[in-house]
Amino acid sequence: MKVHVKLAVCQGHARCEDLCPEVFSTDAIEGKCVIEQPEFPPKLEEKVRLAVRNCPEGALRISGGMTS
Amino acid sequence: MTLQFHPEPPDHVPADLTVDFDFFHIPEGVADPTEIWHDLVRRNVPRIFYTPRNGGHWVFLNYNDIAEGYRNHETFSTHQAPIPPIAPFPVLQPNGVDPPEHNIFRLLLAPMFTPRAIRQLSEGLQHRAEGLIEGFALRGECDFIADYAEKFPTGTFLDLFGLPEAQLPEFLRIANVFFRSTDPVVRAANLNEIFTILEELFREKDRNPGNDMASKILAAKDANGHRHAWHDILNCGFLLFVAGLDTVTNTMAYVWRYLATTPAARAHFRERLDDPAAFLLAIEELMRINAVSNIYRRVKHDCEFRGVRLKKNDRVVLPNTVANRDAKVFERPGDIDLDRKINNHLTFGVGPHRCIGSHLAKREIMISLLEWLRHIPDFELAPEQEASAAFGGPVMGFESLKLVWPAKR
């Protein structure tokens, strides 16, 4: 499974980084989402899904793998 | 001339969308100023309505409409949007300009406000929090506003701007006037005073630059490699001044008021002092439930929005506290659930102008609460705490919040 960000939509709330710092961080230029680990391991699936659902801009989505 | 009240709404406003509502006025006996907003929803007024008070303005009450008010900068501008109208109003940088120009100062500030940049401030914030709390912890009582919630963010601002602590009372006073006054003469004088201070501040930083935000704003270059225009620099300082003081003060006031009256919530946080992820999740819920800001927009052109006719220069208020309890978006919206997993609150706005200081604000509140609970694990509202200490306006809050706890011997 892979997580993607639409940078044109991201406004740098960094809720993703708060919820799953293993996968998400924030760049030091525009303050927008950086996906450190796009193909995240299954044990992080729940945290990544929470990050996706908590993005206030709806900028994140997951592709591939089984949907739960 | 006064702009306070126009008994006749403009021609394009239908009578059935008109509600007499003054968001600066908190009726006697109302202890929590956000209640005047939730009362509108309970009374089932139109979800987009017009009030003739405070110069006349629209109010959006649906989460989706409020979010659209934030996102759609083609229709809803931050430029010259204050309520009651005051013209000309300084063009806050970057908040008072619409995209794409907005991006120039947004990008200038962004690196200073990333989560990582803010985490690096933690030690200083913790030191400040501890110093203030130790000053009154043994006493067994304090006025949370005067003794903590005003001093902490204002002191943090002075630190970030490399200014002496001695300027604290002056900054508190002018911020208070800025957010509370609806008197045109007082407001004009207040703006003059703020800009006199900013002018002095930036001139001093220009002579003696340091490693502070003011010096960084001065050192930044525009697309042609030149320093930004002097008025834009002042307006950027103005934004940071007005955006980070009163909002944090009053959010803290709401949070501590809630904790003082809710033993289970104090226990929830006390049990998670060493679990930052769970602590932060609970802070996020307190951000949702304690949204103190009501945000202004100005309609850019005549248009129809959700079937309502809006005219160029109409003002709009976006009440975050109402958006955050919309049952279409939040499960059990009225319940405070400190383990809430899905929480797309609008406390910091959304879209291009969303609060750049949200990471700083949350960290200020988180560190304050950690330090507070370590020193003062249990506390209550003092019996003399009065309901009349509440105020409305663009930032809602309390003039005083008297807290008591068992004094140590």
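What counts as what
Residues numbered from 1 in each chain as written. Chains lettered and ligands numbered in written order. Predicted model: local features only at pLDDT ≥ 70, side-chain atom pairs only at ≥ 80, totals over all residues. Heavy atoms only, no water. Helix = DSSP H or I, 4+ residues; strand = E, 2+ residues; numbered from the N terminus. Rg over C-alpha atoms; globule rule 2.2 N^0.38 Å. Buried < 20%, exposed > 50% of the residue type's maximum accessible area, 1.4 Å probe, protein only. Contact = heavy atoms within 4.5 Å. Areas by Shrake-Rupley, 256 points an atom, 1.4 Å probe, with all protein chains shown as cover. Lys, Arg positive; Asp, Glu negative; His and termini not counted. Charge placed at Lys NZ, Arg CZ, Asp CG, Glu CD. Buried area = accessible area lost by both parts, 1.4 Å probe. Polar contact = N/O pair within 3.5 Å; in protein donor to acceptor, adjacent residues only side chain to side chain. Nonpolar A, V, L, I, M, F, W, Y, C, P; charged D, E, K, R; others polar. Pairing = 2+ DSSP bridges. Salt bridge = Lys/Arg side-chain N within 4 Å of Asp/Glu carboxyl O.

1. Section: the overall build of chain B
- Along chain B, the regular secondary structure elements total 16 helices and 12 strands.
- Expected size for 409 residues packed as a compact globule is a radius of gyration near 22 Å; at 21 Å, chain B falls within 12% of this value.
- With the C-alpha coordinates aligned to their principal axes, the bounding extent of chain B is approximately 70 × 55 × 40 Å.
- Residues counted as buried form 59% of the 409 residues belonging to chain B.
- The contacts in chain B between residues at least 6 apart in sequence include a share of 72% that link residues at least 24 apart.
- As presented, chain B carries roughly 17100 Å² of accessible surface, and 52% of it is formed by carbon and sulfur atoms.
- Within chain B, the 54 negative side-chain charges are centred at a point lying 4 Å from the centre of the 45 positive side-chain charges.

2. Describing the interface of chain B and chain A
- Across the contact, 24 residues belong to chain B and 20 residues belong to chain A.
- Across the chain B to chain A interface the summed buried area is about 1800 Å²; carbon plus sulfur atoms make up 48%.
- Considering only the surface of chain B that becomes buried against chain A, B:Ile342, B:Asn344 and B:Arg354 emerge as the three largest contributors, covering 24% of it.
- Taken together, the connections running from chain B to chain A amount to 13 residue pairs in polar contact (both at pLDDT 80 or more).
- Class assignment of the residues belonging to the side of chain B that touches chain A gives a composition of nine nonpolar, eight polar and seven charged.

3. As for the pairing of strand β1 (residues 48-51) of chain B
Residues and elements named next belong to chain B.
- The side-chain alternation of β1 yields two buried faces, one formed by Ile48 and Tyr50 and the other by Phe49 and Thr51.
- As judged from the four bridges shared by β1 and strand β2 (residues 57-60), these two strands associate in the antiparallel manner. Each residue of the ladder has a partner; that of isoleucine 48, found in β2, is phenylalanine 60.
- Connecting β1 to the antiparallel partner β2 that follows it, the hairpin turn spans five residues, and asparagine 54 within it adopts a positive phi of roughly 55°.

4. Observations regarding the pattern of salt bridges
- Applying the stated criterion to the full structure yields 31 salt bridges over all chains.
- Notably, a salt bridge pairs B:Arg71 with A:Glu57, separated by 3.2 Å at the nearest N-O pair. In this pair, B:Arg71 sits in helix α2 (residues 63-71) while A:Glu57 sits in the loop between α2 (45-53) and β4 (60-63), so the two residues belong to two different chains.
- The class for B:Arg71 is partly exposed, based on a relative accessible area of 34%.
- Under the relative-accessibility criterion, A:Glu57 is labelled buried at 11%.
- A salt bridge links B:Glu199 to B:Arg203; its shortest N-O distance comes to 2.7 Å. Linking B:Glu199 with B:Arg203, this pair stays in helix α9 (residues 184-207), spanning four residues, or about one helical turn.
- A relative accessible area of 25% means that B:Glu199 is categorised as partly exposed.
- One network of salt bridges, in which partners are shared, links A:Arg15, A:Asp18, B:Glu284 and B:Lys362.

5. Some thoughts on the side chain of A:Gln11
- Along the chain, A:Gln11 turns up in the loop between β1 (2-5) and α1 (15-19).
- Setting aside residues up to four positions removed in sequence, A:Gln11 forms contacts with A:Glu57, B:Arg106, B:Gly351, B:Pro352 and B:Arg354.

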